[in-house]
Amino acid sequence: MNKIIAENNSVLSGMRPTGSLHLGHYHGVLKNWINLQHEYQCFFFVADWHALTTHYDDPSIIAKSAWDVVIDWLAAGINPGEATIFFQSKVPEHAELHLLLSMITPLGWLERVPSYKDLQENLKDRDLATYGFLGYPLLQSADILIYRAGQVPVGEDQVAHVELTREVARRFNFLYGREPGYEEKSEAAIKKMGKKNAKQYNNLRKRFQEQGDQEALAVARELLKQQQNITIADQERLYGYLEGGGRMILPEPQSILTPTAKMPGIDGQKMSKSYNNTIALREDPDSVDQKIRTMPTDPARVRLTDPGDPEKCPVWQFHEVYSDDATKQWVCDGCRGAKIGCIDCKKPVIEAINSELEPIRKRAEEYTKNPDAIENIVAEGSERARDVARETMDEVRKAMGIDYR
Ligand code: TRP
Ligand code: SF4
């Protein structure tokens, strides 16, 4: 198969191992990953180096969480036969690419990333005035570019990092994609596509470069995708030549925005470990029961006879996630008409969560009993990832002229 198509079809995403996963991860991120794994070549990795940028003074949580995160992914339905699962630190090429990219990345680009100042202010108890923390979005760029991933599923807070990645890729291609004779080589490559295709490419290129016609750009890219007669290097040249840049050694990724999870925590705020309001994927049934039972409800409902308003009640948000229309109707009538008690109202939620978690818990338990299986999955995934990363690094070094030995 044509390599560039394969690469742009790949999806990469990562999670920092700073604790076990909860329903917020499941409904927000994992279900999305599970769908993507059938359609794309997916790379999912445990971003252990990223965790160090904020947890460098107490890294003990990282090693334990790294394995737990993998168990949670597998238990939730990530299939290691379809997706490549690995640890960042087992693919040291990420660090090499990060270093090389750091040479060309203006300091201002990193200082301007919104999460830099935000997190420094929000995590006041940690000293984040470090070199590693400033550079972490660039490490993320290396994570993405090293697999030449076309798509990166991320939450809203991470979109700026994918944007930075695009800028860095563009700069890299501009600086190192213009090998000697670039124009001549591109013109020769155009001819190799055959008369008809060459003519079409030239027209589309002109329309894009002279009139900024985005549709022409898209059509031309599609045309390049379909070329079977030209080499990969030529294809990369022509992608870049199309836009007036250099050879596209590191393609620019797109973000796939993960819809903001509707999953509330048990206090009605967003479910997050830092708010201490989570239900873990491996939470045992009694604990789920206990947590939902003690959840706050509409404060107006002090007694059974006081009518309430579901809109003012965090339990209602759980019904929105879990209940069918009939149950929701029953909640609204019962609550507003003071016909049901809050404990009754919570029962279907408890049942729904527990039946959702039961198979996940079971699978997690099996994996926990079988650490060798997990180790093998991660070792194999890391090897597979490393093969791809090595290929990219060969090209990167060559483009930068540091492939001598
Ligand atoms: N920074 C991401 C987070 O905090 C995790 C991450 C690291 C990541 N590298 C990535 C996500 C590459 C997507 C792609 O959630
Ligand atoms: Fe909330 Fe249900 Fe109680 Fe109404 S009846 S306040 S929706 S828990």
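Values in this document were obtained by computation on a predicted structure and should not be read as measured data.

Our focus in this paragraph is the domain arrangement of the protein chain. When the domains of the protein chain are assigned, the result is domain 1 (3–177 + 255–262 + 371–400), domain 2 (182–242) and domain 3 (282–367). Relative to domain 3, the C-alpha centre of domain 2 lies at a distance of 57 Å.

Moving on: a negative patch on the surface. Residues Asp57, Asp58, Asp125 and Asp127 make up a contiguous surface patch of negative charge. The residue Asp57 is located in the loop between helix 3 (48–55) and helix 4 (60–76) in this model.

In the structure shown here, the tally under the stated rule is one cavity of 30 Å³ or more. Approximately 100 Å³ is the volume attributed to the largest cavity. Taken together, 13 residues line the largest cavity, and the ones lying closest to its centre are Cys313, Val315, Cys335, Cys342 and Cys345. For the lining of the largest cavity, the secondary structure elements donating two or more residues are helix 15 (314–322), helix 16 (325–336) and helix 17 (342–369). When residues of the lining of the largest cavity are assigned to their parent elements, the largest contribution, three residues, is made by helix 17. Among the residues making up the lining of the largest cavity, the classes are represented as nine nonpolar, one polar and three charged.

Looking now at the site of ligand 1. The local shell around ligand 1 holds 14 residues, among which Arg16, Phe45, Gln140, Asp143 and Gln158 are the closest. Here a nitrogen atom of ligand 1 sits 3.1 Å away from a polar atom, N or O, in the side chain of Gln140. Contact distances for ligand 1 include 3.0 Å between a nitrogen atom and a side-chain N or O atom of Gln158. If you list the elements that add at least two residues to the shell around ligand 1, you get strand 1 (10–15), helix 8 (131–145) and strand 4 (151–154). The leading source of residues in the shell around ligand 1 is helix 8, at four residues. By residue class, the composition of the shell around ligand 1 is seven nonpolar, five polar and two charged.

As a further point, take the site of ligand 2. Every residue near ligand 2 is listed here: Thr297, Asp298, Arg301, Cys313, Val315, Val331, Cys335, Cys342 and Cys345. A majority-of-atoms criterion places ligand 2 in the largest cavity. The residue makeup of the shell around ligand 2, split by class, is six nonpolar, one polar and two charged.

Scoring rules and cut-offs
- Residues numbered from 1 in each chain as written.
- Chains lettered and ligands numbered in written order.
- Predicted model: local features only at pLDDT ≥ 70, side-chain atom pairs only at ≥ 80, totals over all residues.
- Heavy atoms only, no water.
- Domains from an automatic or database assignment.
- Patch = residues over 30% accessible without salt bridge, like charges linked within 9 Å, V, L, I, M, F, W, Y side chains within 5 Å.
- Areas by Shrake-Rupley, 256 points an atom, 1.4 Å probe, with all protein chains shown as cover.
- Salt bridge = Lys/Arg side-chain N within 4 Å of Asp/Glu carboxyl O.
- Lys, Arg positive; Asp, Glu negative; His and termini not counted.
- Charge placed at Lys NZ, Arg CZ, Asp CG, Glu CD.
- Helix = DSSP H or I, 4+ residues; strand = E, 2+ residues; numbered from the N terminus.
- 1 Å grid on protein atoms, 1.4 Å probe; cavity = no way out; pocket = protein on both sides within 12 Å on 5 of 7 lines; lining within 4 Å.
- Points joined across faces, edges and corners; volume = space filled by probe spheres on them.
- Nonpolar A, V, L, I, M, F, W, Y, C, P; charged D, E, K, R; others polar.
- Near = heavy atom within 4 Å.
- Polar contact = N/O pair within 3.5 Å; in protein donor to acceptor, adjacent residues only side chain to side chain.
- Sits in = over half its atoms within 2 Å of the grid points.

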